[in-house]
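Fold and geometry: a report
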Amino acid sequence: MTAPMLKIGITCYPLIGGSGILATALGMDLARRGHEVHFFSYAQPVRLDVSAPRIHFHPVVVNEYSLFRYPDYTLPLAVKMANCARDHALDVFHVHYAVPHATAAYLAVQMLGEEHAPRIVTTLHGTDTTLLGQDPSYRPAIEHALSHSDAITTVSESLRSETESTFRLTQPVEVIHNFFTPAPALRSRVEMRRELGLGEEEFVVVHSSNVRAGKRVDLLLRVFAAARARRPMRLLVLAGNDFAPFRPLLEELGLDGDVIVRENVTDVSDHLEAADAGLYTSDNESFGLSILETLFHARPVVAYRVGGIPEVLVEGEAGFMHPFGEIDAMAASLVQLADAPEITRRLGESGRARALREFSAERIVPQYEALYRRVLNSGT
Ligand code: GMT
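The structure reproduced in this document is the subject of the present report. A quick note: this is a predicted structure, and the numbers were derived from the prediction, not measured.

Neighbouring the ligand are 17 residues, the closest being S19, H125, N178, E285 and S286. The contact in question runs from an oxygen atom of the ligand to an N or O atom on the backbone of G18, over 3.1 Å. Within the contact set of the ligand, an oxygen atom lies 2.9 Å away from a backbone nitrogen or oxygen of S286. Against a free-state accessible area of 490 Å², the protein chains account for coverage of 89% of the ligand. For the shell around the ligand, a count of residues per class yields four nonpolar, 11 polar and two charged.

The final tally for this structure, using the stated rule, is 24 salt bridges. Between E317 and R357 there is a salt bridge whose closest N-O contact spans 3.5 Å. Of the two residues, E317 is situated in the loop between α12 (309–312) and β13 (319–322) and R357 in helix α14 (residues 341–358); the sequence distance between them amounts to 40 residues. For E317, a relative accessible area of 25% corresponds to the partly exposed category. Between E358 and R363 there is a salt bridge, and its shortest N-O distance comes to 3.8 Å.

On to the packing of aromatic side chains, then. Inspection of the entire model under this criterion finds nine aromatic pairs. For the ring pair Y304 and F324, a centre distance of 5.1 Å and an interplane angle of 70° mean the geometry is edge-to-face. Taken as a pair, Y304 in strand β12 (residues 301–304) and F324 in the loop between β13 and α13 (328–339) lie far apart in primary sequence, 20 residues in all. Residue Y304 is classed as buried on the basis of its relative accessible area of 0%. Residue F324 is classed as partly exposed on the basis of its relative accessible area, which comes to 37%.

Scoring rules and cut-offs
- Residues numbered from 1 in each chain as written.
- Predicted model: local features only at pLDDT ≥ 70, side-chain atom pairs only at ≥ 80, totals over all residues.
- Heavy atoms only, no water.
- Near = heavy atom within 4 Å.
- Polar contact = N/O pair within 3.5 Å; in protein donor to acceptor, adjacent residues only side chain to side chain.
- Areas by Shrake-Rupley, 256 points an atom, 1.4 Å probe, with all protein chains shown as cover.
- Nonpolar A, V, L, I, M, F, W, Y, C, P; charged D, E, K, R; others polar.
- Salt bridge = Lys/Arg side-chain N within 4 Å of Asp/Glu carboxyl O.
- Helix = DSSP H or I, 4+ residues; strand = E, 2+ residues; numbered from the N terminus.
- Buried < 20%, exposed > 50% of the residue type's maximum accessible area, 1.4 Å probe, protein only.
- Phe/Tyr/Trp six-rings, centres within 6.5 Å; stacked < 30°, edge-to-face > 60°.

Listed below in C-alpha cells is the structure:
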C-alpha cells in the first residue's frame, strides 16, 4: 500500500539566501513526489515555480499602521498560515529559519486549536542559532518556539551541537543535511565564458554568496590578490546583494581588471560551469550551500575550515581547507589548482561523486518525508 500524500505548508524567506533556496528546492521536490505544498512568505521565493503542479504560494501582506514604528510581520504570517491550514487541511507546517517563522507557526497552531492543527517541523539554518540565539532579546522567544515544535532539524552536525549548547531543549535535534539539484544548462561553458569576456585558457575562480558581512569578502579579495600575484587568474563573483561597498578594496588591491562581478544572477549553474574552482572565505557557515552547488558542478573548492563546511567539503577529495584567516595557504591552494589541471579535474570529479552520493534530493528529501510521517503518527 502506498503512503498517503501529505499537505505541507512551507514558510521561508524569499530572497537569495541559503535557507530560502533550500526550502524552495525541498517544496518543489515534495510536489514532484505528489505532495501538495503551500508556501508562505512576504514575496514569491526567487526559485519557486508557481506554475508547477501541486505548488501554491500564499503571499503575506503587511499593512502599514501609523502607530507602528516597525511593521509587524509575525502576526499576519501566523494568520495566513492558520487560515490556509484550515482551508486546505494541512498536515505539517515546515518552517525554515526560526525567527519569526517558528513563532508564527506556534501562534497559528494555538489559533486553530492543537487537536486540529498541523504538526510543526522547524529547520534551523545557521544564524538563527549562531547570531540571534546569542542575543538575549531573541533567545527566550526562539527557545519557546523550538520547544513547541514537534521536530527540530539542523542542516549539519556542527549546527546541531551549537544549537544544543545554545538553547535548553527537551526534545532531540536531528540532522538532515542540505541537498542540491543542478539546473539544466542554458548555454555552454564556451558561450558563458565568451559572454563574460573570459579567455578559453584562463583559470577562473568563482565565489557565489549574498556578500553579507560573514562571507568576509575582504578576505576573499585578499586571498585572490595573493594568488593573482603568483600567476594569472580571474575571479568571478556572483553577488546576491550590492557589491559596491567592496569596490574601494578591489581598487586598493589593484584587482579591477581581474575581477568580474555579476549581481543577482538567476542562472547560477551556467556561471559555475564557466569557472574552474570555487573560493569561499566565510567566518562561519552552518553548511555552505554555495559550496555544495560548486561541488555539484565538479569544481573543487578552497575554503576555511569553519562550522559545517568540513561535512560538505572533504579535504583531498573535493578541495582544500585552511584555518580561518589564513591568506597565503589559501592562495597557494588556488595556485596549485591553477597549475595542475589534472589534479583540479580529479578533485572536481571526486567532489561531484561525493556530492551526488551524500547530498542529492533522492537521498535527502525522503528523510524529510519520513520525519513528517513520524510526527504525524506519533503525535509528538
Ligand atoms: O548566510 C547565508 O547565506 C544565508 C543563510 C540563510 O539562512 O539563508 O544561510 C544559512 O543557511 C544555508 C542553508 O542551510 C547554509 O548553507 C548556510 O551555511 C547558512 N549560513 C550561515 O550559517 C552563516
